[in-house]
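# Overview (structure and organization)
The lines below spell out each chain.
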Amino acid sequence: MKRILITGGAGFVGSHLCERLLNEGNDVICLDNYFTGSKSNILPLIGNARFELVRHDVTMPFFAEVDEIFNLACPASPVHYQYNGIKTIKTSVMGAINMLGLAKRTKAKILQASTSEVYGDPNIHPQPESYWGNVNPIGIRSCYDEGKRCAESLFMNYHQQNGVRIKIIRIFNTYGPRMHPNDGRVVSNFIMQALQNKDITIFGNGQQTRSFQYVDDLVEGMIKLMNTGDDFVGPVNVGNPGEFTILQLAEKVIKMTNSKSKLINLPLPQDDPLQRKPDISLAKDKLNWEPKVPLDAGLQKTIEYFKKFVTN
Ligand code: NAD
Ligand code: UDP
């Protein structure tokens, strides 16, 4: 049994991780400032004697005795991370410094939730970990992309200079229950629009691609990575290689919800990556991991979850 700190634990992914690690018998400290997360995500866990909830911002130092740290605190939806770009950079960079400092002092193992966005708008497809990426350092996505890239650099430097036991996971687009209904990401947007028979907002011509991973597969990958030996630090891609155009996703959601929604086209945001698909050879080899949940099955569960937010 371990004492585990999860920053961003009240968010979409963090809440699933809290639940899973508690169920495995660990003590879990969930730290969050509730910017994009909410107490409702972790409500069923409150009251469990092994669960502690802390309102805290990772840009400020935090002290606790822990064995493992999962560093997830950071808004993940473009709408939310662009709302206050400076804060997004501070969260990624100062948050990483504070959590790495904590890991150094307590000798805890620490995992960084990095992202496929470190590859930017990639010229190599699918993306292996060896690809250095194509990021616009001054574009509207840079607060997130460069913040996460700097965090990866901090992790490697703390590992090499101070011997901190680190793990870096590069997460590809993940969806599932407990995404915020107004989160702004494509899966939640399309499902909410379809359930209300509202227009489905396709940005650009909808030919850009993404590879969608169900949250349970991600949580499994995160835990497997944390449990690898100290010599394997990553970075490692964790995502579902099934690749779909945004138009295909919209059509699938309309069909599965039996919706009367129509498709409309809105301008493609600046620097929106045209294609994305993980090369997961390393995860297969080092973690013995691959995704198990197909898109249709994951979408079905997510649609059921979002129905409770729709009154019509
Ligand atoms: P989310 O927005 O639902 O969760 C992020 C959580 O971090 C929220 O609970 C938020 O309140 C909290 N937070 C934000 N800033 C904070 C701060 N300064 N101090 C303390 N807490 C703060 O997003 P998510 O999808 O659950 O993403 C979790 C992590 O995984 C993020 O680091 C994200 O970058 C990474 N990631 C997610 C995806 C995905 O598709 N879901 C893809 C790549 C990477
Ligand atoms: N997108 C869209 N309509 C929406 C929201 C998003 O067409 O209502 C597109 C967006 O332009 C991008 C893709 O869907 O090409 C994925 O967007 P998301 O914000 O989910 O994540 P990203 O992978 O871009 O960070």
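Residues numbered from 1 in each chain as written. Chains lettered and ligands numbered in written order. Predicted model: local features only at pLDDT ≥ 70, side-chain atom pairs only at ≥ 80, totals over all residues. Heavy atoms only, no water.

Quick look at a nonpolar patch on the surface now. On the surface, a cluster of nonpolar side chains totalling about 310 Å² of accessible area is made up of Phe203, Leu266, Leu268 and Leu274. Position of Leu266 among the secondary structure elements: in strand β13 (residues 263-266). (Patch = residues over 30% accessible without salt bridge, like charges linked within 9 Å, V, L, I, M, F, W, Y side chains within 5 Å. Areas by Shrake-Rupley, 256 points an atom, 1.4 Å probe, with all protein chains shown as cover. Salt bridge = Lys/Arg side-chain N within 4 Å of Asp/Glu carboxyl O. Helix = DSSP H or I, 4+ residues; strand = E, 2+ residues; numbered from the N terminus.)

Taking 1.5 Å per residue as the helical rise, helix α4 (residues 85-106) with its 22 residues ought to reach 32 Å, and the 31 Å between its terminal C-alpha atoms agrees with that figure. Burial in α4 covers these residues: Thr88, Thr91, Ser92, Val93, Gly95, Ala96, Asn98, Met99, Leu100, Leu102, Ala103 and Thr106. The elements touched by buried residues of α4 are β1 (3-7), β4 (68-71), α3 (78-83), β5 (109-115), α5 (142-162) and β6 (166-171). Lys107 occupies a position one or two residues after α4 and carries a positive phi of about 60 degrees. (Expected span 1.5 Å × (residues − 1). Buried < 20%, exposed > 50% of the residue type's maximum accessible area, 1.4 Å probe, protein only. Contact = heavy atoms within 4.5 Å.)

Taken together, 17 residues sit near ligand 2, with Val186, Thr201, Arg210, Asp272 and Arg276 positioned nearest. Interatomic distance of 2.9 Å between a side-chain N/O atom of Asn173 and an oxygen atom of ligand 2. Here an oxygen atom of ligand 2 sits 2.6 Å away from a polar atom, N or O, in the side chain of Asp272. For the shell around ligand 2, the secondary-structure elements that each account for two or more residues are α6 (186-195) and β8 (200-203). (Near = heavy atom within 4 Å. Polar contact = N/O pair within 3.5 Å; in protein donor to acceptor, adjacent residues only side chain to side chain.)

Throughout the structure, instances matching the rule amount to 8 aromatic pairs. Plain terms: the ring middles of Tyr81 and Tyr144 are 4.3 Å apart, the flat faces sit at 5 degrees to each other, and that makes the pair stacked. Residue Tyr81 is found in helix α3, and its partner Tyr144 is found in helix α5; the two are separated by 63 residues along the sequence. According to the relative accessible area criterion, Tyr144 is buried, its value standing at 7%. (Phe/Tyr/Trp six-rings, centres within 6.5 Å; stacked < 30°, edge-to-face > 60°.)

In total, this model carries 15 salt bridges according to the counting rule given. Ionic pairing is found between Glu19 and Arg178, a salt bridge with its closest N-O pair at 2.7 Å. Residue Glu19 is found in helix α1 (residues 12-23), and its partner Arg178 is found in the loop between β7 (174-175) and α6; the two are separated by 159 residues along the sequence. Accessibility expressed as a relative area gives 18% for Arg178, which makes it buried. Between Lys307 and Glu304 there is a salt bridge, with the nearest N and O atoms lying 3.0 Å from each other. Under the relative-accessibility criterion, Lys307 is labelled partly exposed at 40%.

To continue, consider the environment of Phe203. Turning to its location among the elements, Phe203 is positioned in strand β8. The class of Phe203 is partly exposed, set by a relative accessible area of 31%. As a C-alpha pair, Phe203 and Asn265 span 62 residues in sequence and 5.7 Å in three-dimensional space. Not counting chain neighbours up to four residues away, the residues in contact with Phe203 comprise Gln208, Leu266, Pro267, Leu268 and Pro269.

So, about empty space enclosed by the protein. Overall, the coordinates contain 1 cavity of 30 Å³ or more when judged by the stated rule. Considering only enclosed or pocket space, the largest cavity measures out at about 30 Å³ in volume. Lining the largest cavity, in full, are Asn71, Leu72, Ala73, Cys74, Thr91, Ser92, Gln112, Ala113 and Lys148. For the lining of the largest cavity, the secondary-structure elements that each account for two or more residues are α4 and β5. (1 Å grid on protein atoms, 1.4 Å probe; cavity = no way out; pocket = protein on both sides within 12 Å on 5 of 7 lines; lining within 4 Å. Points joined across faces, edges and corners; volume = space filled by probe spheres on them.)

Now for the packing of α4 against α5. Relative placement of two packed helices is described by the angle separating their axes and the distance separating the axes. One way to put it is that α4 packs onto α5 with a least axis distance of 8 Å and a crossing angle of 15 degrees. Judged on the interaxial angle alone, α5 and α4 are roughly parallel. Crossing hand, α4 versus α5: right-handed. Between α4 and α5, the contacting residues are Gly85, Thr88, Ile89, Ser92, Val93, Ala96, Ile97, Leu100, Gly101 and Lys104 on the first element and Cys143, Tyr144, Gly147, Lys148, Cys150, Ala151, Leu154, Phe155, Tyr158 and Asn162 on the second. The class makeup of the residues in the contact of α4 with α5 is 12 nonpolar, 6 polar and 2 charged. (Axes fitted to C-alpha atoms, helices over the stretch in contact; angles between N-to-C directions. Parallel < 35°, antiparallel > 145°, perpendicular 65-115°, else oblique. Left-handed = near helix turned anticlockwise from the far one by under 90°. Nonpolar A, V, L, I, M, F, W, Y, C, P; charged D, E, K, R; others polar.)

As a further point, take the sheet that holds strand β11 (residues 236-238). The 7 strands are arranged β3-β2-β1-β4-β5-β6-β11 in an open sheet whose pairing can be described as parallel. On the outer flanks of this sheet lie β3 (51-55) and β11, each paired with one strand and no other. For this sheet the average axis-to-axis angle between neighbouring strands, irrespective of direction, equals 20 degrees. The pairing of β4 with β5 spans 4 bridges and is classified as parallel. Paired with Phe70 across the strands is Leu111, a residue of β5. The strands that α1 touches are β1, β2 (27-32), β3 and β4; relative to β1, the one it contacts most, it runs at about 170 degrees. Running over the sheet, helix α7 (residues 215-226) touches β4, β5, β6 and β11 and is turned about 160 degrees from β6. (Pairing = 2+ DSSP bridges.)

Here the focus is the layout of surface pockets. Its volume calculated, the second largest pocket comes out at about 160 Å³. In terms of lining, the second largest pocket is formed by 13 residues, of which the most central are Ser38, Ser40, Asn41, Tyr305 and Phe309. By residue class, the composition of the lining of the second largest pocket is 4 nonpolar, 7 polar and 2 charged.

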